[in-house]
Amino acid sequence: QVQLVESGGGLVQPGGSLRLSCAASGSIFSINVMGWYRQAPGKERELVAQIISASSTNYADSVKGRFTISRDNAKNAVYLQMNSLKPEDTAVYYCNLFVRTASSTYLDVWGQGTLVTVSS
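First, a word on scope: everything that follows refers to the structure included in this document. Computed from a predicted model, the values in this text were never measured in an experiment. Starting afresh in each chain, residues are numbered from 1 along the sequence in its written order. It should be noted that, the model being predicted, local features are given only for residues of pLDDT at least 70 and side-chain atom pairs only at 80 or more, the latter also being counted only at that level, while totals for whole chains, interfaces and linings use all residues. Excluded from the side-chain calculations are hydrogens and water; all other atoms, namely the structure's heavy atoms, are used.

Attention now goes to the pairing of strand β10 (residues 106-110). Pairing geometry for strand β9 (residues 91-101) and β10, over five bridges, is antiparallel. Paired with Val99 across the two strands is Leu107, which belongs to β10. By the convention used here, strands pair only if DSSP detects at least 2 bridges between them. Going along the chain from the N terminus, every DSSP run of H or I of four or more residues is numbered as a helix, and every run of E of two or more is numbered as a strand. Between β9 and β10, which pair antiparallel in sequence order, lie four residues; one of them, Ser104, sits at a positive phi of approximately 65°.

Structure follows, in structure tokens:
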């Protein structure tokens, strides 16, 4: 019913920036929560940032002050602006949405993942 398409990953040098995008399509009534998770090699998947509204956001301590999450409700999209990237930010980043569908069901939807590599 709902599909996510992620983009924006790539290879950057330490200190560089990337902007990740995630757009949802399908029978969406509303998106209650949007978030970004990441999983580095040999590590557990962790929450990076989460947004409910413009005034309600959460960030992992490791990215506070460097990453900014935002959403565009008209486009059913969520973004993650990543600045001052560090090698330890290297991971596959996954978009996650908690969605109410047009048929009044709720879905926890994951994107396909986009690889961010921070290296010289």
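Following the structure, the description resumes.
For the rest of this paragraph, the subject is the sheet that holds strand β7 (residues 67-72). Read from one edge to the other, the open sheet built from four strands follows the order β1-β3-β8-β7, with strand pairing classed as antiparallel. At either end of the open sheet lies a strand with only one pairing partner, and these are β1 (2-7) and β7. Looking at each pair of strands side by side, their axes are set apart by 15° on average, direction ignored. Taken together, the six bridges between β7 and strand β8 (residues 77-82) define a ladder with antiparallel strand orientation. The residue of β8 that forms the bridge with Thr68 is Gln81. Axes here mean lines fitted to C-alpha atoms, for a helix over just the part in contact, with angles spanning 0 to 180 degrees between N-to-C directions.

Once that is clear, we can look at the state of the cysteines. Our working definition of a disulfide is a cysteine sulfur pair at a distance within 2.5 Å. Following the criterion strictly, the structure yields one disulfide and no others. In this model Cys22 forms its disulfide with Cys95; the gap between the sulfur atoms is 2.2 Å. Judged by the sign of its S-S torsion, about -85°, the cystine formed by Cys22 and Cys95 is left-handed. With Cys22 in strand β3 (residues 18-26) and Cys95 in strand β9, this pair connects stretches of sequence that are 73 residues apart. Of the two residues, Cys22 and Cys95, both sit in the buried class. Relative accessible area decides the class of each residue, using a 1.4 Å probe on protein chains only: under 20% of the type maximum gives buried, over 50% gives exposed, and in between gives partly exposed.

What you tend to see is this: most non-glycine residues have negative phi, and most peptide bonds are trans. With a phi close to 50°, Ser84 is a non-glycine residue in the positive phi region. Within the secondary structure layout, Ser84 lies in the loop between β8 and β9. In this structure, Ser104 is a non-glycine residue whose phi angle is positive, near 65°. Looking at the secondary structure, you find Ser104 in the loop between β9 and β10. Its relative accessible area of 43% is what places Ser104 among the partly exposed residues.

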